[in-house]
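# Analysis of the macromolecular model
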Amino acid sequence: MRPLTRTLAAAASAAALTLTFLAVNPLAAAAHPRGIDWGPCPEVDPAEPVECATIDVPLDYSRPWRGTIEIGLAKREAANPDEKIGTILMDPGGPGGSGVGSIIDGSPLTGETAEHFDIVGFDPRGINTSTQVQCSEDALMDALSVPFPTDQETWDAREAANAALTEDCREHTGRLFDHVSNLETVEDMERIRRALGEGRLNYLGYSYGTIMGQQYAEKYPRHIRTMVLDGNMDHSLESTWDFMRTETAAVEENFVAFADWCESAPECALHGEDVETVYAGLKAKARAGELTDPYEGLPLDFIGLAENFTFTANYPQGWPALAEEYAAMRDGVLLPGGAGLLQEEEPELFEYLYYPAWCQDWGWEIEDYDEFATLLGKLAEDSPNVEWTPYNQHALTCVGSGIEHTNERDELDIPRSAPPIVFIGNEHDPATVYPWTLAAADQADGHLITYEGYFHTIYGGYSTCVDDAVNAYFVDRETPDAGLSCPNLDFPGALDASSVRDRIANGAF
């Protein structure tokens, strides 16, 4: 899940991975019944130990006779294939993250798990090497360039742009546009399991990939051997307010930790000052049109301040640089390093699964600008320092879209026939916030691993405490100790702000 750290348009550009249109094939088999025809991955060095393939699955599972689409796969073999235990299916998040791209880049598996398991990443329907959801450049840019709503007129403009985007994407994508919810992804995962020849599924899901695992466990509990869900979505959130409140509260908590650090750390550029008061002054200047970007000297409004700078408070490694940025903004001083936005040649069509998948899975509703303004007021009361997080933009994605919410939100109902499932949550995760993991683990009667630090997801990163527990589970099906909590390893000053932003996960969640 990547916050909108520069512009929404830049986020759309990042989503354009592979732009070859894969048409629905009504004559193809519904799925490979046995085996997968693995081969070289296009444009990948043949020396790389990775193979790629596609399988065919029904476009519409309620009408499987109406044609198929392709699902792209990539595989890395176990480091010790002679002692292979099985295969782990992996998804990196999204909606819109590429499992194929992730596996081509490397493997998240560590230790004995890497020794004894192949890992297969898949591209969910709608992206990259799978049959794609596509939208025209003009319609997408029109929707993403609508200003942040400040009155009913700008709200109406957003609704109109979203409605036009829906019409455009349906025209360029066809029937697939309305069949990309996580419910369809669960069925695709089951077809992948069968094609892999795995008696029971081993699954590793990060971020948005956790809802894929959660709902697979509801539907196919007996088909699972092991399942690790890292950085969990909470599909039981009842309202738009619940979503926005929990997302913003995490950023508020991390901002207060940043302010406390400044108070105690002489290396903080705002040491000896009340950081919350300094930031209140910056917010006031931004809303008055008097604040400028400390790198480029361009006007900076409140949303730009919150999304492009204050979000760094979620990552202690970037706290020293953030303090310098705040001081420069307050004093009207330019800092070195301004590079502007990259200008790239843009294709005529964009791959854009996020839009229909998010709306079909979540269906957040805000009736009009008055309701939105009420939500903003409640956020300012609930999280008085930060007031906003870029993840709240996701609550605006579907307004006026006309996209049907088909994957109804509810508490998890995983049958007792499912094996133990491991849930991982970072206490200070600003994306899939820790309370979401707690809720999902509780509803599933799962086994919780807590990482006491920051950033978004952790397995395969730098916590041997987390990795050792997960590896013991995958290899020996040994569940983590009850209440396992792994120490924080994130400390101020380890990275500069730009490096921190590079580490923010790519995609929505």
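All of the points below concern the structure found in this document. (Residues numbered from 1 in each chain as written. Predicted model: local features only at pLDDT ≥ 70, side-chain atom pairs only at ≥ 80, totals over all residues. Heavy atoms only, no water.)

Our focus in this paragraph is helix α11 (residues 319–331). Helical periodicity: at 3.6 residues per turn, an α-helix aligns residues three or four positions apart in one direction. In a regular helix each residue adds 1.5 Å, so 13 residues correspond to 18 Å; α11 covers 18 Å between its end C-alpha atoms and thus fits that length. Burial within α11 is extensive, with 10 of its 13 residues counted as buried. Positive phi shows up at G332, right after α11, with a value of about 70 degrees. (Helix = DSSP H or I, 4+ residues; strand = E, 2+ residues; numbered from the N terminus. Expected span 1.5 Å × (residues − 1). Buried < 20%, exposed > 50% of the residue type's maximum accessible area, 1.4 Å probe, protein only.)

Quick look at the nonpolar core now. Counting residues in hydrophobic clusters, the biggest one holds 119 residues, and the most contacted among them are F258, L305, Y326 and W358. Looking at this core, the element that brings in the most residues is helix α8 (residues 240–264), giving 10 residues. Non-local contacts of W358, meaning those with residues more than four positions away in its chain, are made with P95, Y208, M233, F243, G363, W364, H394, T397, C398 and F509. Core analysis: the second largest hydrophobic core is formed by 29 residues, C52, I103, A469 and V475 among them. (Core = buried A, V, L, I, M, F, W, Y, C linked by side-chain atoms within 4.5 Å. Contact = heavy atoms within 4.5 Å.)

Here we take up helix α7 (residues 208–219). Counted at 1.5 Å a residue, the expected span for α7 with its 12 residues is 16 Å, and the 18 Å between its end C-alpha atoms agrees. In terms of burial, α7 is largely enclosed, as 10 of its 12 residues are buried. Looking only at α7, the buried set comprises Y208, G209, T210, I211, M212, G213, Q214, Q215, Y216 and A217.

Across all of its chains, the model carries one cavity of 30 Å³ or more by this definition. Taken as a whole, the largest cavity holds about 70 Å³ of empty space. If you trace the largest cavity, you find 15 residues lining it, with P95, T185, Y208, M212 and L353 closest to the centre. Mapped onto the lining of the largest cavity, the elements with two or more residues apiece are α6 (182–196), α7 and α12 (354–361). Split into classes, the residues belonging to the lining of the largest cavity amount to seven nonpolar, six polar and two charged. (1 Å grid on protein atoms, 1.4 Å probe; cavity = no way out; pocket = protein on both sides within 12 Å on 5 of 7 lines; lining within 4 Å. Points joined across faces, edges and corners; volume = space filled by probe spheres on them. Nonpolar A, V, L, I, M, F, W, Y, C, P; charged D, E, K, R; others polar.)

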